[in-house]
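Structural overview
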Amino acid sequence: MNPSIHLEPSATIKINSLALEKQKSGQGVFNLSAGEPMVDTSDIVKQSAIRALQKNYTHYPPVAGIPELRETACAWMNEDFGANFTVSETLVTAGGKMGLYMVLQAYISLGDEVIIPAPYWVSYPSMVKIFGGVPKIIETSEAEDWKIQATDVEALITPRTKFIMLNNASNPTGVLYTREELHTILSIAQTHNVMVISDEVYSGLVYDGNEYISCASFPEFKNNVVIIQSCSKSFAMTGWRVGFVFAPQDVIKILSSLTGQTTSGVTTISQYATLTAIEHRKTIVPAIRDAMQKRRDVFIDTFNSAFGTELQKPVSALYSFIPMSAFGISETDSLTFCERVMEETCVALVPGVAFGKEGYVRVAFGVGEEELRESIDMLSTFFIEI
Ligand code: GLU
């Protein structure tokens, strides 16, 4: 292997694959590892994919995406999130993950720095390191709502800083930033000529009537912002692998060339299905959001009554980031803990250390209500017995 590639396996994908393997071999596993809304993709979307096949839309797509999808995706951002993108500022990617990967590949040179708040999504530091970049981590705490402070960001900026990585809403903490907080971070970035990558893939999964503020809704910072979007979470389309990058035209041009030299674009059938999904977003997204809010409530309420805790309900995304002390234990090694939990209770969780925070575990509550209740039953039986 190329020794300059610093490659680590994705912790979420690794644990999810292990859980799926166990399930396949007939072992009962409660899979609360990978974050996905476990509901079927809408029928109208599936029908659209079938129609695409029947019409033989099975040839190479334009590398930046089929024009209808680019137009509709850009209208989605403009109408729903107060953005002001054009089609030439819109790129279709193989999931939000590939979009982010390509941005980093195109712009990170050896030694460039990327500021990343922790807890972070597992792939951020790994992707930066793959391209020889240096993740500069800002620690946050539960007591401070897991939010970064503007002064911490400013203190970390150096002449080598290329990007500030924001994940709003956050995986794994479910934290949402306010308009004022985003404005402060974006203006610091602009002053120092640093670009902000805003990963907004959970923007459709915001609960209790909270408002979602996109970094694309600040016209004064538009040239300094790259938005990562996806249909995976908000539309329950994880396996279709469709996401987007919205960015200044010169960035999109470079990423399009990169796409042309690598994947040649996103599966045509998935793109037509996604076009239908976004056209019907006003019905599809709220239904998934409401189902996920209900699952969140079931998980948190059941957990709190089983363990006598007072875990708060996350206001967005698909995760509860739980201190290990909630299980009534004093240990803090989250990897050993998750291995033991998997072994003893068959409940798959992701260790906090994978998100840059020891002493915590992440639960994905996107699975069915029954599975959530049974998992907590298994966990409480085990922890109350030890
Ligand atoms: N983003 C999801 C998660 O954090 C899916 C797995 C992945 O792509 O890492 O669980």
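Bear in mind that the values here come from a model prediction, so they are computed numbers and not experimental data. (Residues numbered from 1 in each chain as written. Predicted model: local features only at pLDDT ≥ 70, side-chain atom pairs only at ≥ 80, totals over all residues. Heavy atoms only, no water.)

Some details on helix α7 (residues 179–191)
- Look at α7: 18 Å from first C-alpha to last across 13 residues, which is about the 18 Å you get at 1.5 Å a residue.
- Regarding α7, the residues found buried are Leu182, Ile185, Leu186, Ile188 and Ala189. End-on view of α7: buried residues confined to an arc of 160°, all on one side of the axis. Seen from the buried face of α7, the exposed residues on the opposite side, beyond 90 degrees, are Glu180 and Thr191.
- As for α7, its buried residues are in contact with α6 (150–156), β5 (161–167), β6 (195–199) and β7 (225–230).
- After α7 finishes, the residue Asn193 shows a positive phi value of roughly 60°. (Helix = DSSP H or I, 4+ residues; strand = E, 2+ residues; numbered from the N terminus. Expected span 1.5 Å × (residues − 1). Buried < 20%, exposed > 50% of the residue type's maximum accessible area, 1.4 Å probe, protein only. Arc of directions from axis to C-beta. Contact = heavy atoms within 4.5 Å.)

Let's talk about empty space enclosed by the protein
- As enumerated under the stated definition, the model contains two cavities of 30 Å³ or more in all.
- Its boundaries defined by the atoms lining it, the largest cavity holds a volume of some 130 Å³.
- The set of elements that each furnish at least two residues to the lining of the largest cavity consists of β3 (113–118) and β5.
- In terms of residue count, the dominant contributor to the lining of the largest cavity is β5 (three residues).
- Class assignment of the residues belonging to the lining of the largest cavity gives a composition of 11 nonpolar, five polar and no charged.
- Put simply, the second largest cavity is a space of about 40 Å³.
- Taken together, the residues that form the lining of the second largest cavity break down as five nonpolar, no polar and one charged. (1 Å grid on protein atoms, 1.4 Å probe; cavity = no way out; pocket = protein on both sides within 12 Å on 5 of 7 lines; lining within 4 Å. Points joined across faces, edges and corners; volume = space filled by probe spheres on them. Nonpolar A, V, L, I, M, F, W, Y, C, P; charged D, E, K, R; others polar.)

Some thoughts on the pairing of β5
- Judged by how many residues are buried, β5 sits mostly within the fold: six of seven residues are covered.
- Bridge count between β3 and β5: three bridges; the pairing is parallel. Among the inter-strand pairings, Ile115 is bridged to a residue of β5, identified as Ile164.
- The pairing of β5 with β6 spans five bridges and is classified as parallel. Note on β6: the bridge partner recorded for Asn167 is Asp199.
- Following the chain from β5 across α7 to the adjacent parallel β6, one finds a crossover that is right-handed. (Pairing = 2+ DSSP bridges. Right-handed = clockwise from strand over helix to strand, strands pointing away.)

So, the site of the ligand
- Around the ligand, a shell composed of Ser10, Thr12, Ile13, Ala34, Gly35, Lys97, Trp121, Asn171, Tyr202, Lys233, Tyr319 and Arg362 is seen.
- Thr12 is positioned with one of its side-chain polar atoms (N or O) 2.6 Å from an oxygen atom of the ligand.
- For the ligand, the accessible surface in isolation is 280 Å², of which the surrounding protein chains cover 88%.
- Broken down by class, the residue content of the shell around the ligand amounts to five nonpolar, four polar and three charged. (Near = heavy atom within 4 Å. Polar contact = N/O pair within 3.5 Å; in protein donor to acceptor, adjacent residues only side chain to side chain. Areas by Shrake-Rupley, 256 points an atom, 1.4 Å probe, with all protein chains shown as cover.)

Describing the sheet that holds β5
- Read from one edge of the open sheet, seven strands run β2-β8-β7-β6-β5-β3-β4, paired in mixed fashion. Both outer strands of the open sheet, β2 (90–93) and β4 (134–139), are each paired with one neighbouring strand and no more. Here the average twist between neighbouring strands, direction ignored, is 20°.
- Each of β2, β5, β6, β7 and β8 (243–246) is contacted by helix α4 (residues 95–107), which is oriented at about 155° to β7, the strand it contacts most. (Axes fitted to C-alpha atoms, helices over the stretch in contact; angles between N-to-C directions.)

Examining the pairing of strand β9 (residues 319–323)
- Taken across its five residues, β9 has five buried, putting it largely inside the fold.
- Pairing geometry for β9 and strand β12 (residues 360–364), over five bridges, is antiparallel. When the bridges of β12 are listed, Tyr319 appears paired with Ala364.

Some points on the environment of Arg70
- Along the chain, Arg70 falls in helix α3 (residues 67–81).
- On the basis of relative accessibility, which here comes to 16%, the residue Arg70 falls in the buried class.
- Sequence spacing of Arg70 and Glu89 is 19 residues, and the spatial spacing of their C-alpha atoms is 9.0 Å.
- Not counting residues up to four positions away in its chain, the partners in contact with Arg70 are Ala64, Gly65, Val87, Ser88, Thr90, Val92 and Ile252.
- Engagement of the side chain of Arg70 in a polar contact is seen with the backbone oxygen of Thr90, the distance being 2.9 Å.

Points about a nonpolar patch on the surface
- The grouping of Met1, Ile5 and Leu7 at the surface amounts to a nonpolar patch, some 340 Å² of accessible area in total.
- Leu7 gets classed as exposed once you look at its relative accessible area, which sits at 54%. (Patch = residues over 30% accessible without salt bridge, like charges linked within 9 Å, V, L, I, M, F, W, Y side chains within 5 Å. Salt bridge = Lys/Arg side-chain N within 4 Å of Asp/Glu carboxyl O.)

Quick word on the pattern of salt bridges
- Under the definition given, this model contains 16 salt bridges.
- A salt bridge links Arg281 to Asp80, with the shortest nitrogen-to-oxygen separation between them at 2.8 Å. Of this pair, Arg281 sits in helix α10 (residues 281–307) while Asp80 sits in helix α3, and the two are 201 residues apart along the sequence.
- The exposure class of Arg281 is buried, given its relative accessible area of 10%.
- Its salt-bridge partner being Asp290, residue Arg289 comes within 3.1 Å of it at the nearest N-O pair.
- In this structure, a network of salt bridges that share partners links the residues Asp208, Arg296, Asp297, Asp301 and Lys313.

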